[in-house]
Amino acid sequence: MPKRDPGPSVKDKELYEKLRDEGSSKEKSARIANAAANTSRKSVGRKGGKSGDYDDWTVEKLRKRAAEIGIEGRSSMRKDDLIKALRSH
């Protein structure tokens, strides 16, 4: 398969190609490749994870988060349905 040219804004073209081959979108691949180039590939995966597990959230907080990202039908969803919708969004 011919190599794709990610353009001049992508700083780690090798990682970008690997992510694209794995099926990641152009935007996601570029974002991860640039983050890895700014720090190190090893530390990129450790970012985030500060919001806690959805299972620990109240239904009210889950509905509020669902509203923030525009999930339809959230007002009639049960907790399990809200969690599933948030995880798949």
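Refer to the structure printed above.
Residues numbered from 1 in each chain as written. Predicted model: local features only at pLDDT ≥ 70, side-chain atom pairs only at ≥ 80, totals over all residues. Heavy atoms only, no water.

A. Summary view of the pattern of salt bridges. The final tally for this structure, using the stated rule, is four salt bridges. A salt bridge links Arg87 to Asp55, with the shortest nitrogen-to-oxygen separation between them at 3.4 Å. Of this pair, Arg87 sits in helix 5 (residues 79–88) while Asp55 sits in the loop between helix 3 (41–44) and helix 4 (59–69), and the two are 32 residues apart along the sequence. Using a relative accessible area of 49% as the deciding quantity, one classes Arg87 as partly exposed. The class of Asp55 is partly exposed, set by a relative accessible area of 40%. In the salt-bridge network here, residues are joined through shared partners; they are Asp53, Asp55 and Arg87. (Salt bridge = Lys/Arg side-chain N within 4 Å of Asp/Glu carboxyl O. Helix = DSSP H or I, 4+ residues; strand = E, 2+ residues; numbered from the N terminus. Buried < 20%, exposed > 50% of the residue type's maximum accessible area, 1.4 Å probe, protein only.)

B. Region of the structure containing the side chain of Asn34. Locating Asn34 in the fold gives a position in helix 2 (residues 26–38). Judged by its relative accessible area of 18%, Asn34 is buried. For Asn34, the side chain forms a polar contact with the main-chain nitrogen of Lys11, separated by 2.7 Å. (Polar contact = N/O pair within 3.5 Å; in protein donor to acceptor, adjacent residues only side chain to side chain.)

C. Summary view of the nonpolar core. In terms of nonpolar packing, the biggest core is built from 10 residues, these being Tyr54, Trp57, Leu62, Ala66, Ile71, Met77, Leu82, Ile83, Ala85 and Leu86. Broken down by secondary-structure element, the contributors of at least two residues to this core are helix 4 and helix 5. Looking at this core, the element that brings in the most residues is helix 5, giving four residues. (Core = buried A, V, L, I, M, F, W, Y, C linked by side-chain atoms within 4.5 Å.)

D. Structural detail: the packing of aromatic side chains. Counted according to the given criterion, the structure contains one aromatic pair. A centroid spacing of 4.9 Å and a plane angle of 85° characterise the contact between Tyr54 and Trp57, whose relative ring orientation is edge-to-face. For the pair Tyr54 and Trp57, a shared accessibility class is recorded, and that class is buried. (Phe/Tyr/Trp six-rings, centres within 6.5 Å; stacked < 30°, edge-to-face > 60°.)

E. Layout of the side chain of Ser24. Here Ser24 is to be found in the loop between helix 1 (13–21) and helix 2. Ser24 sits in the buried class, given a relative accessible area of 14%. Ignoring any residue separated from it by four or fewer positions in sequence, one finds Ser24 in contact with Leu19 and Ser29. (Contact = heavy atoms within 4.5 Å.)

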